[in-house]
Amino acid sequence: MGLGRTTNQNMQQKAAVVSGVALLVMMIAAFFAQGYVHSSLVVEGDAATTLKNIQASQVLFRLEVLGLLIIIIMDLVVSWGFYLFLKPFHAGYALLAGWLRFLYTVMLATAVSHLVVTNTIVQNSVGGTAVDRVAQQVMDAITAFEATWSFGLIVFGLHLIAVGFVTWNTTKIPKVISFLVILAGFSYSLIHFMYQFIPQIENVTGLLELILMVPMVIGELGFGIWLLVKGRKVTMD
């Protein structure tokens, strides 16, 4: 009995470390792929310039796809790691959180497939032949990527809320961490729900996203750091 308890505790502590590392790797990959590459190559509403940017920086664009693939892999690791870490606190909600993250990861993978299509379109484009048509195809694929990922982030937010609910109901994790995770989850779901279902107020949504960007980043990043520093020492005593 004692041996089983010790084994489960060791697994929980290892899951904390693995999840924490995966979250940090994911954050770095996201800042590069989305924060740097995507924002520098894609010009909203300007298909021609976007096509020119990607044609001139095809290696950089492929690195964005690679960065997103790394995020997908890390998300799968976190899905399993969070489940193992949270299970001793509340098995039901831990399973819910794990499945929500897995569902989000599937949606992200679907979104990234549109960027793979984009890369194929650019590679197969020939000189100045039908440039306008190619540019529109590229923009359509990129728009599909952004819309699919945005929809997935609604689910991602629900995942964080579930994680925060589990952590809130244990004395092992500081309440401030739990609150930040719940706030981040609520922010993700609210903002991307507004983007998806109330496009008429996109300017308001964009402003709200800027306001909530800090808690959105700090929530999951803070939990990841806590997992690395403190989570690996957690006990169920």
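This is a predicted model, so every value here is computed, not measured.

Student: Break down the packing of aromatic side chains for me, with residues and values.
Tutor: In the structure shown here, the tally under the stated rule is 13 aromatic pairs. Ring geometry for Phe82 versus Phe223: centroids 5.4 Å apart, planes at 70 degrees, classification edge-to-face. Separated by 141 residues along the polypeptide, Phe82 in helix α3 (residues 58-86) and Phe223 in helix α7 (residues 202-229) bring together distant segments of the chain. Comparing Phe82 with Phe223, the two get one shared label, buried. In this arrangement the basic side chain of Arg101 is found over the ring face of Phe82, its NZ or CZ atom lying 5.9 Å from the centre. Sitting above the plane of the Trp168 ring, Lys175 keeps its charged end 5.5 Å from the centroid.

Student: Explain the side chain of Ser19 to me, and be specific about the residues and the numbers.
Tutor: Following the sequence through the fold, Ser19 ends up in helix α1 (residues 2-41). Classification of Ser19 as buried rests on a relative accessible area of 0%. A distance of 2.8 Å separates the side chain of Ser19 from the backbone oxygen of Ala15, its partner in a polar contact. Once you skip the residues sitting within four places of it in the chain, Ser19 turns out to touch Val78, Gly81, Phe82 and Leu227.

Student: Report on the pattern of salt bridges, specifying residues and quantitative values.
Tutor: Overall, the coordinates contain two salt bridges when judged by the stated rule. Taking the shortest distance from any N to any O, the salt bridge between Arg101 and Asp75 comes out at 2.6 Å. With a gap of 26 residues between them, Arg101 in helix α4 (residues 91-124) and Asp75 in helix α3 connect regions that are remote in the sequence. As far as the burial class goes, Arg101 and Asp75 line up, both buried. The residue Arg101 makes a salt bridge to Glu220 at a minimum N-O spacing of 2.7 Å. Taken together, the positions of Arg101 in helix α4 and Glu220 in helix α7 put the pair 119 residues apart, joining distant regions of the chain. Glu220 carries the same exposure label as Arg101, and that label is buried. Linked through salt bridges whose partners overlap, the residues forming this network are Asp75, Arg101 and Glu220.

Student: So what's going on with the packing of helix α5 (residues 131-168) against helix α6 (residues 175-197)? Which residues, and what values?
Tutor: At a minimum axis separation of 7 Å, α5 and α6 run at an interaxial angle of 155 degrees. It follows that α5 is roughly antiparallel to α6 by the angle criterion. In this structure, α5 crosses over α6, and the sense of that crossing is left-handed. Split into classes, the residues belonging to the contact of α5 with α6 amount to 20 nonpolar, nine polar and one charged.

Student: For the nonpolar core, give the residues involved together with the corresponding values.
Tutor: In this structure, Phe85 and Phe223 are the most contacted members of the largest nonpolar core, which totals 63 residues. Contributions of two or more residues to this core are made by α1, α2 (47-56), α3, α4, α5, α6 and α7. Looking at this core element by element, the count peaks at 14 residues for α5. Residues within four places of Phe223 in sequence aside, it is in contact with Phe82, Phe85, Val163, Thr167, Ile173, Ile177, Val181 and Ile218.

Student: Any chance you could break down a nonpolar patch on the surface for me, citing the residues and the numbers?
Tutor: Among the surface-exposed residues, Val21, Val25, Phe32, Tyr36, Val59, Leu63, Leu66, Leu69 and Ile70 lie close enough to one another that they form a single nonpolar patch of about 730 Å² accessible area. Within the residue set of the nonpolar patch, elements represented by two or more residues are α1 and α3. Locating Ile70 in the fold gives a position in helix α3.

Cut-off values and rules
Numbers given for residues are sequential positions, taken from 1 along each chain in its written order. With pLDDT at 70 or above as the cut-off, local features in this predicted model cover only qualifying residues; side-chain atom pairs require 80 or more to be listed or tallied, and sums for whole chains, interfaces and linings still use all residues. Side-chain numbers come from the whole structure's heavy atoms, not from hydrogens or water. Pairing of aromatic rings covers Phe, Tyr and the six-membered ring of Trp, with a centre-to-centre limit of 6.5 Å; geometry is then stacked below 30 degrees between planes, edge-to-face above 60, and tilted otherwise. Only DSSP runs of H or I with at least four residues qualify as helices, and only runs of E with at least two residues qualify as strands; both kinds are numbered from the N terminus onward. With a 1.4 Å probe rolled over the protein chains alone, any residue whose accessible area is under 20% of its type maximum counts as buried; one over 50% counts as exposed, and the rest are partly exposed. Each ring is checked for a lysine NZ or an arginine CZ that lies within 6 Å of its centre and within 35 degrees of its normal; such an atom marks a charge sitting over the ring. Nitrogen and oxygen atoms within 3.5 Å of one another constitute a polar contact, given that in protein one can donate a hydrogen and the other can accept it, and given that sequence-neighbouring residues count only through two side-chain atoms. In what follows, residue pairs with any heavy atoms lying within 4.5 Å of each other are defined as contacts. A side-chain nitrogen of Lys or Arg and a carboxyl oxygen of Asp or Glu constitute a salt bridge if their distance falls within 4 Å. Where helices are involved, their axes are fitted lines through C-alpha atoms of the stretch in contact, as for all axes, and angles between N-to-C directions lie from 0 to 180°. Note that the term roughly parallel is reserved for angles under 35 degrees, roughly antiparallel for angles over 145, roughly perpendicular for angles of 65 to 115, and oblique for everything else. Crossing handedness follows the turn of the near helix against the far one: under a right angle anticlockwise gives a left-handed crossing, and clockwise gives a right-handed one. Each residue receives one of three labels: charged for Asp, Glu, Lys and Arg, nonpolar for Ala, Val, Leu, Ile, Met, Phe, Trp, Tyr, Cys and Pro, and polar for the others, Gly being one of them. Residue types Ala, Val, Leu, Ile, Met, Phe, Trp, Tyr and Cys, when buried and joined through side-chain atoms within 4.5 Å, form a set referred to as a nonpolar core. For patches, a residue must show more than 30% relative accessible area and have no salt bridge; joins then use 9 Å for like charges and 5 Å for nonpolar side chains, namely Val, Leu, Ile, Met, Phe, Trp and Tyr. Reported accessibility uses the Shrake-Rupley method at a 1.4 Å probe radius. Residues are deemed covered only where the shown protein chains occlude them.

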